[in-house]
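Here's the letter readout for the chains.
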Amino acid sequence: MNKKFLFLVFVFSVSIIIAQESVPQKKNGLQFSTGYTIGYLKNLSFAPVSRYDYSSLNYQLKYSRTTKRVKLFEADLSYLDSELETNIIPEPNPQYSKLVLNFSLLKQVYKNEKVNIHLGIQTQTNISSFYDWKQYDFQQKLGIAGRINYRLNSKNSIVSTLSIPFILWRISTFEESFYSLSKYQGFIWTTKYYYTLSKHFDLTAHYNFNYDRLQISNAFRELQHQINLGINYKF
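The notes below deal with the structure included here. These figures come from a predicted structure and were not determined experimentally.

1. Examining a positive patch on the surface
On the surface, K27, K111, K114 and R151 cluster together into a positively charged patch. With respect to the helices, strands and loops of the structure, K114 is situated in the loop between β4 (95-111) and β5 (115-130). Judged by its relative accessible area of 38%, K114 falls in the partly exposed class.

Listed below in structure tokens is the structure:
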């Protein structure tokens with residue numbers, strides 16, 4: 001009887017473990033961060049200025065979800081409001097606002113105890129305003145993205161993401177055009193540090209670098225550096 005009882009306990013325990021492993025583990029994250037942006041803009045359609053400088057606080061909100069098939073979905077929204085500064089034109093500095101919305105869908109392609117790698121696609125929508133929406137610039141981008149998550153230990157990890165857009169659709173006060181790699185180049189690189197506070201909360205610090213270049217007669221260039229601090233809620 002003791003052997004039969006022990007055998008039944010063993011079978012029951014194994015069944016529970018198998019059942020737990022077969023239940024899909026869904027992970028969600030909601031992250032808010034704020035920080036400082038330094039940017040450089042050249043937009044000959046807007047003004048014949050070789051380079052505008054701008055700096056401002058930025059605000060970012062991000063949602064992420066890992067599905068049962070280990071696909072990673074991310075959506076993040078950022079906003080800044082600043083002035084474009086130059087010494088070339090003796091006029092009041094034009095107001096400049098920018099709203100950026102990113103969507104990415106990535107598939108896990110490699111994993112071990114320390115490293116997790118995802119590859120997939122990413123879209124980015126940029127909406128820029130000049131002079132309080134008297135002029136605007138809408139840009140829609142599509143590209144490929146890769147993400148590496150390196151876990152230093154149980155509380156510390158670093159996540160680095162690189163996105164390379166290869167298609168740009170632009171509608172603005174100045175033009176409406178479609179561009180491919182022959183005339184448009186750009187990339188988005190983000191590195192984030194996560195420190196685990198508890199089961200539900202992380203502290204985050206991240207650096208973001210954006211670059212866009214249009215090789216056309218009315219040339220467009222924009223470069224941004226962003227440094228942010230935030231908190232991530234996991235549920």
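Let us keep going from here.
2. Re the pairing of strand β1 (residues 27-43)
In this sheet, strand β2 (residues 52-66) lies alongside β1 in antiparallel orientation, the contact comprising 15 bridges. Its bridge partner lying in β2, Y40 is registered against D53. Examined bridge by bridge, β1 and strand β11 (residues 220-234) share 15 bridges and lie antiparallel to one another. For S33, the partnering residue across the bridge sits in β11 and is G230.

3. Some remarks on the side chain of E222
One can find E222 in strand β11. On the basis of relative accessible area, E222 is assigned to the buried category, the value being 5%. Within the local environment of E222, its side chain forms a polar contact with the side chain of Y54, the two groups lying 2.6 Å apart. Setting aside chain neighbours within four positions, we find E222 in contact with Y40, L41, Y54, Y96, K98, N210, Y211 and D212.

Reading the values: the criteria
Residues numbered from 1 in each chain as written. Predicted model: local features only at pLDDT ≥ 70, side-chain atom pairs only at ≥ 80, totals over all residues. Heavy atoms only, no water. Patch = residues over 30% accessible without salt bridge, like charges linked within 9 Å, V, L, I, M, F, W, Y side chains within 5 Å. Areas by Shrake-Rupley, 256 points an atom, 1.4 Å probe, with all protein chains shown as cover. Salt bridge = Lys/Arg side-chain N within 4 Å of Asp/Glu carboxyl O. Lys, Arg positive; Asp, Glu negative; His and termini not counted. Charge placed at Lys NZ, Arg CZ, Asp CG, Glu CD. Helix = DSSP H or I, 4+ residues; strand = E, 2+ residues; numbered from the N terminus. Buried < 20%, exposed > 50% of the residue type's maximum accessible area, 1.4 Å probe, protein only. Pairing = 2+ DSSP bridges. Polar contact = N/O pair within 3.5 Å; in protein donor to acceptor, adjacent residues only side chain to side chain. Contact = heavy atoms within 4.5 Å.

Keep in mind these values describe shape, not function.
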